[in-house]
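The lines below spell out each chain.
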Amino acid sequence: MTLTGNLLIGHTPVTGTRAAIHAVNPATGQALEPPYFGGSGEQVAQACALAWAAFDAYRETSLEQRAHFLETIAAQIEALGDALIDRAVAETGLPKARIQGERGRTCTQLRTFARVVRAGEWLDVRIDQALPERQPLPRSDLRQRQVALGPVAVFGASNFPLAFSVAGGDTASALAAGCPVVVKAHSAHPGTSELVGRALAQAAQQCGLPEGVFSLLYGAGHEVGIALVSDPRIQAVGFTGSRSGGMALRQAAQARPQPIPVYAEMSSINPVFLCNAALQARGEALAQGFVASLTQGAGQFCTNPGLVIARQGPALQRFISAASHHLQQAAAQTMLTPGIFSAYQAGVAALAENANAQPAASGQGSTGPNQCQAQLFVTQAEAFLADPALQGEVFGAASLLVACSSDAQVRQVAEHLEGQLTATLHLDEADIDSARALLPTLERKAGRLLVNGWPTGVEVCDAMVHGGPFPATTDARTTSVGTAAILRFLRPVCYQDFPDALLPQALQQANPLQLRRLLDGKREG
């Protein structure tokens, strides 16, 4: 399939007029064709205008039509076949099996939101029927539903070229909510983004939807992103990436005459707590599992275990020795981009130069360009509590172990942490009381709590939370993975004393959509 390097403004391929992006194969350093010229401010405005023009029609499409659209996107992505897989491998250096798995997850995500749309529970219909005889005052007829916020700007992520990119979770949940989407593709994988963008645009045409339901933009610097977030027709932002990038978008969104929400997933070191009994009973197995999680995908996951916390003692020393042994056997892995590799090297160097962090082990040396050599450092709790630099995220396969003198100090370290996506407890039956004492702190610090598992890997399902307190995200009340992600792009509207003929179908007395509604305080169905 021939790549064009074009923007997609609605259904129309357009050549950008700003500086060009070239994807780079990180495994070889080779630039990939074609060039992708960035969009201008005028082209951003054109895409936003089309999205706004499409909004009122798209948000009132039937549940079945919108669900079918999401399923059609999935089918169109699958129809791309090996062309998509091969380009994604070339642009990211990720193994073919990883990209195939990510394509499956992306399509599953779209079909899961189709199921959610059809069920209609996200509409959260609440009806309080009129009580004209009530004393001392009658009650009006009041009916509430959720409606789409408006056009959404989505920013593709570097580390997931499919699942958190053009047709990823932010796009799927926004489209499910009834919001048109304008995507800024990540500069690391523009060809992959073009292929998926064309599949999405084709699905929109096939389903007879308004042209502005989807657009795809490119941009080498900050111009396109800031212009997109600043456009008055954009009503929300979905972002996965660095803290600096997320905060820049949030600042631009808050500086508008009408501020808008930015749902940014940004930074997390995902603490792992090794409780005493578990550490003593199965330290070798924990060390092996830790290294496998740390080095998976060169550590390029936002849920990578970048911090390990445990009590000092012989069991911890045995864990460190075993983890060091396994880490020394870990092969170097190609990172996603030269820029990410450079940032990883800088982060590791900062830890190595910090007098409070002692190197414990390194993985095998690199055999090619942009390869991550895994690293483990050790520090003492007192140093960790005194040095904010030790809490910084190193994106890649690097982790810091914090040795504590007591359970009380473990809790002190936990209290000192910033907001996180995940927090993990490894425990046995004898650790229940100490874990219980730690749990309230972890509930305040993280969006997902795990027991006897590893945080890498995020299931797409109804109960998943992929979010957390700042700086893990800009809004701790939300998730970017799982079906509750749709709630980010909705708002409630109440209809008072409307004639039935004027009400949306979800609120009509006969309940033609057969929804489970809250009627006078009782759930129908």
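Since this is a predicted model, take the numbers as computed values, not measurements.

Peer 1: Break down the packing of aromatic side chains for me, with residues and values.
Peer 2: Per the stated rule, a full pass over the model turns up 10 aromatic pairs. Taking 6.1 Å as the distance between ring centres and 70° as the angle between the ring planes, the aromatic pair formed by Phe 155 and Phe 239 counts as edge-to-face. Placement of Phe 155 in strand E9 (residues 152–155) and of Phe 239 in strand E12 (residues 236–240) is noted, with a sequence separation of 84 residues between them. When sorted by exposure, Phe 155 lands in the same class as Phe 239, which is buried. Ring pairing ties together the aromatic residues Phe 160, Phe 164 and Phe 301, which thus form one cluster. Across the ring face of Phe 55, the terminal group of Arg 59 is positioned such that the distance to the ring centre comes to 5.5 Å. Here the guanidinium or amino end of Arg 105 rests over the ring plane of Phe 160, the centre of that ring lying 5.8 Å away.

Peer 1: Go over the sheet that holds strand E8 (residues 142–148), please, and point to the residues and values.
Peer 2: Within a beta sheet, neighbouring strands are joined by backbone hydrogen bonds and run either parallel or antiparallel to one another. In spatial order, the strands read E23-E8-E7-E24-E25; together these five strands make up an open sheet with mixed pairing. A single partner strand is all that each edge strand has here, and the edge strands are strand E23 (490–496) and strand E25 (522–523). Bridge count between strand E7 (residues 126–128) and E8: three bridges; the pairing is antiparallel. Along E8, the bridge assignment pairs Asp 128 with Leu 142.

Peer 1: Run through unusual backbone geometry, naming residues and quoting values.
Peer 2: Residue Pro 34 is bonded to the preceding Glu 33 through a cis peptide linkage, with omega at 0°. With an omega dihedral of 5°, the bond running from Phe 470 to Pro 471 counts as a cis peptide bond. Topologically, Pro 471 is positioned in the loop between strand E22 (446–451) and E23. Phi is positive for Ala 298, which is not a glycine, with a value near 60°.

Peer 1: I'd like a description of the sheet that holds strand E14 (residues 271–274), backed by residues and values.
Peer 2: Reading across from one edge, E17-E19-E20-E15-E14-E21-E22 is the order of the seven strands in this open sheet, with mixed pairing throughout. Single-partner strands in this sheet number two, and they are strand E17 (358–362) and E22. Taking each pair of neighbouring strands and ignoring which way they run, the sheet shows an average axis angle of 20°. Running at roughly 45° to E17, helix H10 (residues 314–328) makes contact with E14, strand E15 (307–311), E17, strand E19 (375–380) and strand E20 (398–404) of the sheet.

Peer 1: Any chance you could break down the nonpolar core for me, citing the residues and the numbers?
Peer 2: Ranked by internal contacts, the top residues of the largest apolar core, which has 155 residues, are Phe 69, Ile 73 and Phe 319. Setting aside anything within four residues of it in sequence, one finds Phe 69 in contact with Tyr 58, Leu 175, Leu 200, Ala 203, Ala 204, Cys 207, Leu 209 and Val 213. Within the second largest apolar cluster, nine residues are counted, among which are Ala 163, Val 458, Val 460 and Met 464.

Peer 1: Give me the packing of helix H13 (residues 407–416) against helix H14 (residues 432–445): which residues, what numbers.
Peer 2: Geometry of a packed helix pair, given as the angle between the helix axes and the separation of the axes. Relative to each other, H13 and H14 sit at 10°, their axes nearing to 9 Å. Here H14 runs roughly parallel to H13, going by the angle between their axes. Only Ser 434, Ala 437, Leu 438, Thr 441, Leu 442, Arg 444 and Lys 445 of H14 make contact with H13, whose side of the interface consists of Asp 407, Val 410, Arg 411, Ala 414, Glu 415 and His 416.

Peer 1: Mind laying out the UniProt feature "domain: Aldehyde dehydrogenase" (unreviewed entry) in the protein, listing which residues take part and the relevant values?
Peer 2: Per the UniProt annotation, the sites labelled "domain: Aldehyde dehydrogenase" (unreviewed entry) are residues 19–460. Between the first and last C-alpha atoms of residues 19–460 the distance is 37 Å; the span itself is 45% helix and 19% strand.

Peer 1: Please give an account of the side chain of Thr 171 that cites residues and values.
Peer 2: With respect to the helices and strands, the residue Thr 171 is situated in helix H5 (residues 169–177). Residue contacts for Thr 171: discarding those within four places in its chain leaves Val 154, Ser 165, Val 166, Val 181, Val 183 and Leu 200.

Peer 1: So what's going on with the pattern of salt bridges? Which residues, and what values?
Peer 2: According to the stated counting rule, one finds 23 salt bridges in the structure shown. One salt bridge in this structure joins Arg 59 and Glu 60, with 3.3 Å as the shortest N-O distance. Judged by relative accessible area, which is 26%, Arg 59 ranks as partly exposed. Here Glu 71 and Arg 118 are joined by a salt bridge, their closest N and O atoms 2.8 Å apart. Placement of Glu 71 in helix H2 (residues 63–79) and of Arg 118 in helix H4 (residues 96–119) is noted, with a sequence separation of 47 residues between them. A relative accessible area of 26% places Glu 71 in the partly exposed class.

About the criteria used
- Position numbers for residues count from 1 along each chain, tracking the sequence in the order it is written.
- It should be noted that, the model being predicted, local features are given only for residues of pLDDT at least 70 and side-chain atom pairs only at 80 or more, the latter also being counted only at that level, while totals for whole chains, interfaces and linings use all residues.
- The basis for the side-chain values is all heavy atoms of the structure; hydrogens and waters are excluded.
- Each Phe, Tyr or Trp ring, with Trp reduced to its six-membered ring, pairs with another whose centre is within 6.5 Å; inter-plane angles below 30 degrees give stacked pairs, above 60 give edge-to-face pairs, and intermediate values give tilted ones.
- Only DSSP runs of H or I covering at least 4 residues are called helices, and only runs of E covering at least 2 are called strands; the numbering of each starts at the N terminus.
- Think of it in three bands: with a 1.4 Å probe and only protein chains considered, a residue is buried below 20% of the maximum accessible area for its type, exposed above 50%, and partly exposed in between.
- Here, a charge over a ring means that NZ of Lys or CZ of Arg falls within 6 Å of the ring centre while also lying within 35 degrees of the ring normal.
- Strands are treated as partners if at least two bridges between them are detected by DSSP.
- To get an axis, fit a line to the C-alpha atoms, keeping to the stretch in contact for a helix; angles then go from 0 to 180 degrees between the N-to-C directions.
- Note on definitions: a residue-residue contact is assigned when non-hydrogen atoms from the two residues lie within 4.5 Å.
- As used in this record, nonpolar core signifies buried Ala, Val, Leu, Ile, Met, Phe, Trp, Tyr and Cys residues forming a set joined through side-chain atoms within 4.5 Å.
- Here the word oblique covers every angle except those under 35 degrees (roughly parallel), over 145 (roughly antiparallel) and from 65 to 115 (roughly perpendicular).
- UniProt positions are given in the numbering used here, feature names are shortened, and annotations may be inferred rather than shown by experiment.
- Salt bridge, as used here, is a side-chain nitrogen of Lys or Arg placed within 4 Å of a carboxyl oxygen of Asp or Glu.

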